[in-house]
Amino acid sequence: MKILVIGGGGREHAICWKLSQSPKAEKIYCAPGNAGIREVAECVPIQPMEFEKLADFAEEKKIDLTVVGMDDPLIGGIVDVFEARGLRVFGPRKNAAILEGSKAFSKDLMRKYGIPTAQYETFTDPGKAAEYVKTCRIPVVLKASGPALGKGVLICMTREEAEEGIRTLMVDKKFGDSGDTVVVEEFMTGREVSVLSFVDGKTVRIMSSAQDHKRAKDGDQGLNTGGMGNFSPSPFYTREVDDFCEKNIYQKTVDAMAAEGRPFVGVIFFGLMLTDEGPKVLEYNCRFGDPEAQVVLPRMENDLVDVFEACIDGRLEEIDLKFRKQACVTVVLASDGYPVKYEKGVPIQGFEKFRGKSDYLCFHAGTKLDEQGRIVTNGGRVLDITALGRDLKEARRKAYEATEWISFRNKYMRHDIAKSIEDIDFSF
Ligand code: AMP
Ligand code: GLY
């Protein structure tokens, strides 16, 4: 069958790579793709928000299955456009992608259906929000309700900071309309875990757990980023935690969406915090995480085409997900200065070292071919260096070993991805 994947980052590289291993995938296209995705798919120069052009392409090429990797087109309703034209597509419709698109919606959903999450209030009036934060316990968390590239969350350590945060989001509109509604939330402490799941509208199947490293610098310092590294599984995601979440979070969320007339088909990413009072939902995303996909998909044994098809057809119940008893670690190679200001167009060397080594993967995030046919940097996050190992320690050692194979000017990485957990003993 012919498959079209929409997106062009490390997550889409991992999805295309995994799909390319399916005997059912005869031909894979990726729009727009990147210099690494080229090796497993034909890249198509159409942007992810050009819904009609993408649907024209899918019709013209007789695409059997389109997979949407990114949040923006999903939140914007790409699935509805494809379905209206009779095209088969994996991902939530607009009315379900709101689970990520509006934090006010997702918080109200959790409150209504008794899904554990931080206490909160929602505001559309900056004056009322400012009054309210005067009464809140500090630290307090402010969240722009709409999408803000993962940067619309402010953790305020003082009341003054909180009042200034309200101004930044609601008056100065740093994130545009996304800050029209603001969620003011209780600050929680605990370990964070990312849990990705497949959903077919009624059944939910959990993938293996992962953990992100969101801050730019070692020791969780510096600015928030899209993610500087990841590992899977998380040793903190124990059987006990899993049982609790199965009972109180995963199925409840899927049932709640169905009950609201918004059946969710696609990937739900549960961002969890393991607090002293038990696991609570920090956020939902309506797609694979980036770079969570890069550590979870290499461990998955199932044929990804089968899983996508089962979701679309409402047959997920028939699928038993299986994960290798190996750990996986991804270290992001970024351009120095990310996430603020960084150089693009810098030639990258060393890819040949990955050839023929099945435990080592080099997923491309921000790369492209220049006019001379060289692979050059084309984004803040450039490459996702990934390795599998017997345990987290071995996977970590191998991933860092492979970061040395690649060179480009101003290469930057964190040195402590998966460091704090490498000696924890756990069984798969
Ligand atoms: P979100 O986009 O909602 O996941 O928030 C981004 C990051 O902010 C999370 O990964 C947490 O590290 C942090 N965060 C969000 N909400 C809270 C909260 N209520 N308490 C503590 N930290 C939070
Ligand atoms: N790595 C976090 C995200 O994809 O949102």
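Keep in mind that what you see is a predicted model, and the values were worked out from it rather than measured.

### With respect to the site of ligand 2
Phase 1 of the analysis: Ligand 2 sits among Asp212, Gly226, Phe269, Asn285, Arg287, Gly289, Asp290, Pro291 and Glu292.
Phase 2 of the analysis: Within the backbone of Gly226, one N or O atom sits 3.4 Å away from a nitrogen atom of ligand 2.
Phase 3 of the analysis: Within the backbone of Asp290, a nitrogen or oxygen atom sits 2.9 Å from an oxygen atom of ligand 2.
Phase 4 of the analysis: The fraction of the free accessible surface of ligand 2 (200 Å²) that becomes covered by protein chains is 89%.
Phase 5 of the analysis: Among the residues forming the shell around ligand 2, the class breakdown is 2 nonpolar, 3 polar and 4 charged.

### Looking at the state of the cysteines
Phase 1 of the analysis: In this structure the tally under the stated criterion is 0 disulfides.
Phase 2 of the analysis: Summary of cysteine pairing: Cys43 is not part of a disulfide, and the nearest cysteine sulfur, belonging to Cys30, is at 5.7 Å.
Phase 3 of the analysis: The exposure class assigned to Cys43 is partly exposed, which follows from its relative accessible area of 26%.
Phase 4 of the analysis: Considering cysteine sulfurs only, Cys311 is the nearest to Cys286, which forms no disulfide, with 14 Å between them.
Phase 5 of the analysis: According to the relative accessible area criterion, Cys286 is buried, its value standing at 1%.

### Points about the pairing of strand β9 (residues 182-186)
Phase 1 of the analysis: Among the 5 residues in β9, 4 count as buried, and that is most of the element.
Phase 2 of the analysis: By the bridge criterion, 4 bridges tie strand β6 (residues 120-123) to β9 in an arrangement that is antiparallel. Bridge pairing links Phe123 to Val182 in β9.
Phase 3 of the analysis: In this structure, strand β7 (residues 140-144) lies alongside β9, joined through 5 bridges in antiparallel fashion. What sits directly across from Val140, in β9, is Glu186.

### Comments concerning the environment of Lys103
Phase 1 of the analysis: Within the secondary structure layout, Lys103 lies in helix α6 (residues 103-113).
Phase 2 of the analysis: For the pair formed by Lys103 and Asp72, sequence separation is 31 residues and the distance between their alpha carbons is 15 Å.

### Some thoughts on the site of ligand 1
Phase 1 of the analysis: The immediate surroundings of ligand 1 are formed by 13 residues, with Glu185, Glu186, Met188, Glu192 and Glu283 found nearest.
Phase 2 of the analysis: At 2.6 Å from a nitrogen atom of ligand 1 is found a side-chain nitrogen or oxygen belonging to Glu185.
Phase 3 of the analysis: Here Met188 contributes a backbone N or O atom positioned 2.8 Å from a nitrogen atom of ligand 1.
Phase 4 of the analysis: Considering ligand 1 on its own, with 470 Å² of exposed area, one finds that the protein chains cover 91% of that surface.
Phase 5 of the analysis: Class assignment of the residues belonging to the shell around ligand 1 gives a composition of 6 nonpolar, no polar and 7 charged.

### Here's the deal with helix α8 (residues 159-171)
Phase 1 of the analysis: Taking 1.5 Å as the rise per residue, α8 with 13 residues should run 18 Å; its terminal C-alpha atoms sit 17 Å apart, in good agreement.
Phase 2 of the analysis: The complete set of buried residues in α8 reads Ala162, Gly165, Ile166, Leu169 and Met170. Projection of α8 onto a plane perpendicular to its axis shows the buried side chains occupying an angular sector of 105°, all on one side. Among the exposed residues of α8, those oriented more than 90 degrees off its buried face are Glu160 and Val171.
Phase 3 of the analysis: Among the structural elements, β6, α7 (126-133), β7, β8 (153-156) and β9 are those in contact with the buried residues of α8.
Phase 4 of the analysis: Positive phi shows up at Lys173, right after α8, with a value of about 55°.

### Digging into a nonpolar patch on the surface
Phase 1 of the analysis: The grouping of Val153, Ile155, Met157 and Phe187 at the surface amounts to a nonpolar patch, some 320 Å² of accessible area in total.
Phase 2 of the analysis: On the secondary structure map, Met157 appears in the loop between β8 and α8.

### Observations concerning the sheet that holds strand β16 (residues 265-275)
Phase 1 of the analysis: Read from one edge of the open sheet, 4 strands run β11-β10-β16-β17, paired in antiparallel fashion. Single-partner strands in this sheet number two, and they are β11 (204-206) and β17 (278-285). Within this sheet the neighbouring strands show an average axis-to-axis angle of 35°, counted without direction.
Phase 2 of the analysis: Each of β10 (191-200) and β16 is contacted by helix α11 (residues 304-313), which is oriented at about 70° to β10, the strand it contacts most.

### Things to note about the sheet that holds β7
Phase 1 of the analysis: Read from one edge of the open sheet, 4 strands run β6-β9-β7-β8, paired in antiparallel fashion. On the outer flanks of this sheet lie β6 and β8, each paired with one strand and no other. Direction aside, neighbouring strands of the sheet carry axes that sit 20° apart on average.
Phase 2 of the analysis: Here α8 sits on the sheet in contact with β6, β7, β8 and β9, set at roughly 0° to β7.

### With respect to the environment of Glu39
Phase 1 of the analysis: You can see Glu39 is positioned in the loop between β2 (27-32) and β3 (42-43).
Phase 2 of the analysis: Under the relative-accessibility criterion, Glu39 is labelled exposed at 63%.
Phase 3 of the analysis: Placed 117 residues apart in sequence, Glu39 and Cys156 show a C-alpha to C-alpha distance of 45 Å.

### Quick look at the pattern of salt bridges
Phase 1 of the analysis: Under the criterion given, the structure shown has 33 salt bridges.
Phase 2 of the analysis: A salt bridge links Arg111 to Glu121; the nearest nitrogen and oxygen atoms lie 4.0 Å apart. With Arg111 in helix α6 and Glu121 in strand β6, this pair connects stretches of sequence that are 10 residues apart.
Phase 3 of the analysis: For Arg111, a relative accessible area of 45% corresponds to the partly exposed category.
Phase 4 of the analysis: In this structure, Glu185 and Lys143 form a salt bridge, with 3.1 Å as the shortest nitrogen-oxygen distance. Taken as a pair, Glu185 in strand β9 and Lys143 in strand β7 lie far apart in primary sequence, 42 residues in all.

Cut-offs applied
Residues numbered from 1 in each chain as written. Chains lettered and ligands numbered in written order. Predicted model: local features only at pLDDT ≥ 70, side-chain atom pairs only at ≥ 80, totals over all residues. Heavy atoms only, no water. Near = heavy atom within 4 Å. Polar contact = N/O pair within 3.5 Å; in protein donor to acceptor, adjacent residues only side chain to side chain. Areas by Shrake-Rupley, 256 points an atom, 1.4 Å probe, with all protein chains shown as cover. Nonpolar A, V, L, I, M, F, W, Y, C, P; charged D, E, K, R; others polar. Disulfide = S-S within 2.5 Å. Buried < 20%, exposed > 50% of the residue type's maximum accessible area, 1.4 Å probe, protein only. Helix = DSSP H or I, 4+ residues; strand = E, 2+ residues; numbered from the N terminus. Pairing = 2+ DSSP bridges. Expected span 1.5 Å × (residues − 1). Arc of directions from axis to C-beta. Contact = heavy atoms within 4.5 Å. Patch = residues over 30% accessible without salt bridge, like charges linked within 9 Å, V, L, I, M, F, W, Y side chains within 5 Å. Salt bridge = Lys/Arg side-chain N within 4 Å of Asp/Glu carboxyl O. Axes fitted to C-alpha atoms, helices over the stretch in contact; angles between N-to-C directions.

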